[in-house]
Amino acid sequence: MSQVKSVMAETGQSPSRKNRGKLQISKSQIVFEKAGIYIIALALIIVGSLVSPQFLTIDNMLSVLRSISLLGMVVAGAAFVTYIGEYADLSIPAIIPLSGIVAVFALPLGVVPAVLLGMLAGMMIGVMNGLVIGYLRANPILWTLAVVFFMEGLMRFMMSNNQIYPDVSPGTSGADFIDLYRSEILGIPTIVVVMLVLLAISHWILRRTKFGQQAKLLGSAYEVAKTSGINVKRTVMIAFVLTALSSSVAGILITSFNKTGVYYLGQGYDFQAVTAIVLGGMTLSGGRGSIVGVLGGVLVIGLLSNLMTFMGVHPFQQKVVIGTIFILVVGLNQYQLRKMGKDHG
Amino acid sequence: MNKNTSSPVLHMHQVSKRYPGMLAVDTVSVDFYAGEVHALLGENGAGKSTLMKMIAGSFDDYTGEIKVNSQLCQLHSPSVAKDNGIGMIYQELSLARPLSIAENILIGRLPTKFGFVVDTEKVIEETKICLQRVGLELDPFALVDTLSPHESQLVEIAKVLGNHPKIIVMDEPTSSLSRSEVVRLFDIIKLLKEQGLAIIYISHHLPEIFKIADKVTVMRDGKKISTKGIGEVTPKSLVQEMVGQSIEDFYQQRSHQIGETRIVVKNLSRFGFFDNINFSAARGEVVGIAGLAGAGRSELARALCGIDPFDQGSMTLDNNHYAPKSMANAIKSGVAYLSEDRKREGLFLRLDIKQNVLATLIDKHSKGLVYTPKEGRDVPGELIKTLEIMPADELIDVSNLSGGNQQKVLLAKWLAIKPKVLILDEPTRGVDVGAKNIIHETIMRLAKETGATILLISSDLPELVGLADRCIVLREGRMIGEMQKSELSEEAVLLRANGEAA
Amino acid sequence: MGNFKLSRFVDSHRALLMLIVVFVGLSLTAPNFLNSYNLTTILKSASLYSVVMIGFALIFIIGELDLSVGAIVMLAGMLAIGLEPSLGWYGSFAAATLAGILVGLVNGLLVAKGKIHSFIVTLGMMSIVLGVMHIYSGGDSLSTEDYDLSDWLDEAKIELLPPIVIITLCLVLGANFFFNKTRLGRGFFVVGGNKETAWLAGLNKDRYIVLAFVISGMLSAVGGALFSMSLAAMPANVNLANNTLMAVLAATIIGGTLMSGGKGNILKCYFAVLLLSTIFNGISLFGYSYDIQIFVNGVILALVVLYESYAVYKQDALKGQNPKLLQSMLRSRER
């Protein structure tokens, strides 16, 4: 801290009149922050319906939901890493294929055991991340980057660039497996249901559990959380394990869709997840945001991609657009917080 | 000794610096002369650091007149101060640690060949010259990271000297030095004095001031109390000025019993932090922990709560073995710790009062995985009322509160666990008088009504003397004594903390 | 005391020492290692990573992170090949480099003036640049029929030193000189070492940050352009971007340059790149597939990150310790 700042801290300078007035504004701004992403979603829907009559149809909306389901599952867990202030888990693109590959390997034991084993495999990566980042305090970006690199390398090497084909003759667990992605529950695609369930669980964890409360404190101020008696190391561990679990579920379903287990199935999910999380109102500094917001972020990404496709924007161009929006949204968010004087800690 | 008695190098006339709610420096007038070591003495909060920052150019809004060598100047930024020949040596040295000695000393003015290539020979030459001025012979390319605090400090001095200052301000320069290193530093200071520099020496180590200073200015509550030659003062007289006339009995008389022993600390040691600490404290008792900054008080407190480990020794709490492995353990055993720095370690500035107060109770208010804050619904409200926190709204962000109210919230957070042992670390630092009173009343009531044991770490002597039943004194990590209520007076404590007999 | 100095020495020169160990080990055990052709191959394969490393290390030195280096490599590579028919080799090289400079400029401005965390800026930029690359190349790899340049770059007129290696060495040595010996170069270290001290000494932190990102973008582009020019083709598979990032990151950290800022040495990082290239070469000489190289690269990176984190972890535990008290306590217990 600069010398001037430390003097101010010591003398307990009371907030200037400027700040007191901001109290009023900040409450309504917070409301906008929370609902904001859905307002944007609504705006996208309106624009979409103007661009094409096919946009606002049940079929299209369902297709949008289907396209975001996997991402929605991933962010249900990944949001926690950002929430506790550890930026992002870049090892997600490795957890996804790993869980799928393990599940396919284990299919001879039956679909359910296979799925469980796949999730277990993914969870182990989460545990490893939790240990290195929570206990050893490694830089989360550098470590998870290292993990995704060596895990993908490992998978490529073990599969010798081949793919794992499950035996899909009817009646086998393989057939059941590839059915997972394509099935429906009461008329709604399973993947959408799974996404909503995971997000609901995630929301409950954030709002109603001990861990969720501790995560909020940890994200707000790490040191203060430590001196307040929170087991910061364990909390970080849990966040990474949750990410790994939800990514594993997504990974198993993606593999089911792809009908084969292959190392590149997870590519791009790290970036998309961070984008959705940040769009949804969770700041990188931690302790802020909600799962409802994150769902909004996922929706906006889905609607935007869908809209751009309708407008004839090529997938490569879409990538450019989303990258730009990502930077702008975070920048804007940070700017707003700075103006409200809320960016300390 | 060249004493320039004609006109002062630095002349400060009726300078003041105001912060919202308080006057940190109150119409102070003082002169500093060339070839003199002028000590600035005062307790924490006396205003000496603010005065120093004024000289350093940290403020653009002070009032009053400052003249350097009879030239009026506006010290509104650090570069203006530097241009006027003022050199600052802060306690937290401003060196770039991953870089070499040479790069730090010659920062911003590396000698070059052809305008852009660094002239290595010149660098070595100039660095060596600068190092010689402080009596150091080190490899110019050694990294500052590898130097001892003593060597780093000398490098910082060499760096400042490189700008040919007329005035050097040193802030607590001896806090991490050994006795022999202090002697070396003093030799350099004497040398600089002879070269005609004016040296302003800020400290509250009395023995050293007597060894090195020519003049002493005492500050208290933002005002200058006196400026005298070193021959005209004694440690006792200085302490009396620092502490002021005995304040009217501001603190209530003790009217309750002290019960059985509650916490016993035996031979507690942590290598490099504190050594062989032994004391005990009883139910309802207030035990003060006195000492200068850096004596190891906070480190001891953190070890008592499990935040930091300890290497040797043992503790008991209510006759049970007590060895907390974490703050959570300590909380479960009923031990609370109100940390020194409320903004960095104490409060969640981004959250509201309610969330801050309930932070320590998360474990208690959970059934298994589920967090049931309903149980603690009334707690924040009650504490807001008890401590008279303003504004009395539990949903207000803590960052919007004044210093005094923030401190109350911090206290509330720890009162919420209904502690058996409450460790307070500078509980009223940067707090206005009204809040201070309330905090003190609350502490005493806690001790009286619940029999809580209070350990009070404080540099605020009236507070320490007024509240404590007993006081242990730490110096450089060791316990050098224990003082009973009858021996307790502000002067006595300060003298003991400095290593002098009362 | 001697032990301590020795471990410091080893740690400080670990890249070179490990390179020597691996080199000797492979010369003794690997078939066809110690011949002119193979050694030249190692040097050539190190060129892309070395050039990119220079810029990446610089970003670490000022305490930031640039995840977009791999993407810029690919964009530049595409431009160098794709624009050659219309602009000639000089023109396409210049265009590729210019593209890198522009991307770096945007990165730098967003970080310095926009005050957005470099992780976010370069993560987003990586996506944007890869998108642009794909748009430009239409999703395909590009290649050229004009093999003259690629032959020239690859053919060693001087033993072990084909032009591409000479260019790389010039850049590495030039950068090393710049960062060690010029005032501007040293300025980056000051800014990264202690931003406040830098400001107090009159250095403009923002300018240095922007300049660092521009240099990083430029060098990533140069590396990518040289790479595609020497291959006379540019693959469109984004694995190249990822592998580049992975290798450069590992080499930079092994070479002793940390993200904390203020510390780093281009030459040591170059030895680290050579170390990685030699290891990969060894792997292929033993007949293992390319996939193993990727895997080994990843493992090395993970180990390096673990090692550095552990070192910081140990140091933090001792923060605030009073050395003279520590001495006296240890002495009194020695009885």
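The coordinates are above.
Residues numbered from 1 in each chain as written. Chains lettered and ligands numbered in written order. Predicted model: local features only at pLDDT ≥ 70, side-chain atom pairs only at ≥ 80, totals over all residues.

Asker: What am I meant to see in the interface of chain C and chain A here?
Answerer: Tallying the contact residues gives 39 residues for chain C and 37 residues for chain A. When residues of the side of chain C that touches chain A are traced back to their parent elements, those giving at least two are α6 (118–137), α12 (239–254) and α14 (290–317) of chain C. Looking at the side of chain C that touches chain A, the element that brings in the most residues is α14(C), giving 14 residues. Across the side of chain C that touches chain A, the residue classes tally to 25 nonpolar, 11 polar and three charged. (Contact = placed C-beta atoms within 7 Å. Helix = DSSP H or I, 4+ residues; strand = E, 2+ residues; numbered from the N terminus. Nonpolar A, V, L, I, M, F, W, Y, C, P; charged D, E, K, R; others polar.)

Asker: Help me understand the pairing of strand β13 (residues 261–270) of chain B in this model?
Answerer: Every other side chain in a regular strand lies on the same face of the sheet, so the side chains alternate between the two faces. Residue and element names in this part refer to chain B. Where β13 lies against strand β14 (residues 274–282), six bridges are found, and the strand directions are antiparallel. Residue pairing for β14: valine 265 is matched across the bridge by phenylalanine 279. Two elements, β13 and strand β16 (residues 312–317), share five bridges in a ladder whose sense is antiparallel. Opposite valine 264, over in β16, you have threonine 316 as the bridge partner. (Pairing = 2+ DSSP bridges.)

Asker: Just to check I follow, could you spell out the packing of helix α8 (residues 190–208) of chain A against helix α13 (residues 291–310) of chain A for this structure?
Answerer: Residues and elements named next belong to chain A. Axis separation between α8 and α13 bottoms out at 9 Å; the angle between their running directions is 145 degrees. Across from Leu199, Ser202, His203 and Leu206 in α8, the residues of α13 making contact are Ile291, Val292 and Leu295. Classifying every residue of the contact of α8 with α13 gives five nonpolar, two polar and no charged. (Axes fitted to C-alpha atoms, helices over the stretch in contact; angles between N-to-C directions.)

Asker: What is the right way to read the sheet that holds strand β5 (residues 71–72) of chain B from this model?
Answerer: Strand pairing within a sheet occurs via backbone hydrogen bonds; the two strands may be parallel or antiparallel. Residue and element names in this part refer to chain B. Across the sheet, four strands lie side by side as β2-β1-β4-β5; this open sheet has antiparallel pairing. The open sheet has two free edges, formed respectively by β2 (22–32) and β5, since each of these has just one partner strand. One ladder, built from seven bridges, connects strand β1 (residues 10–19) with β2; its direction is antiparallel. What sits directly across from leucine 10, in β2, is phenylalanine 32. Where helix α1 (residues 48–56) meets the sheet, it contacts β1 and β2, and its direction lies at approximately 65 degrees from that of β2.

Asker: Can you help me understand the sheet that holds strand β11 (residues 215–220) of chain B in this one?
Answerer: Residue and element names in this part refer to chain B. One open sheet accounts for six strands, arranged β6-β9-β10-β3-β11-β12; its pairing is mixed. Whereas interior strands pair on both sides, the edge strands pair on one side only; in this sheet they are β6 (86–89) and β12 (223–229). Each strand of the sheet is rotated relative to its neighbour by a mean of 20 degrees, with strand direction disregarded. Bridge count between β11 and β12: six bridges; the pairing is antiparallel. Of the residues in β12, the one forming a bridge with valine 216 is lysine 228. Across the sheet, α1 lies against β3 (37–41), β6, β9 (167–171), β10 (198–202) and β11, angled at about 145 degrees from β9, the strand it touches most. Sitting on the sheet, helix α5 (residues 149–161) touches β6 and β9, and the angle it makes with β6 is about 170 degrees.

Asker: Explanation requested: the pairing of strand β22 (residues 453–457) of chain B in the structure shown.
Answerer: Residues and elements named next belong to chain B. For β22, a buried count of five out of five residues is recorded, marking the element as mostly surrounded by other parts of the structure. The two faces of β22 match: Thr453, Leu455 and Ile457 on one face and Ile454 and Leu456 on the other face are all buried. Where strand β15 (residues 286–290) meets β22, four bridges bridge the pair, whose relative direction is parallel. In the sheet register, glycine 288 faces β22, and the bridge partner there is leucine 456. As judged from the five bridges shared by strand β21 (residues 421–425) and β22, these two strands associate in the parallel manner. In the strand pairing of β22, leucine 422 is matched with isoleucine 454. Since β21 and β22 lie parallel, the crossover through helix α15 (residues 433–450) that links them has a hand, and here it is right-handed. (Buried ≥ 20, exposed ≤ 12 C-beta atoms within 10 Å, placed from the backbone. Right-handed = clockwise from strand over helix to strand, strands pointing away.)

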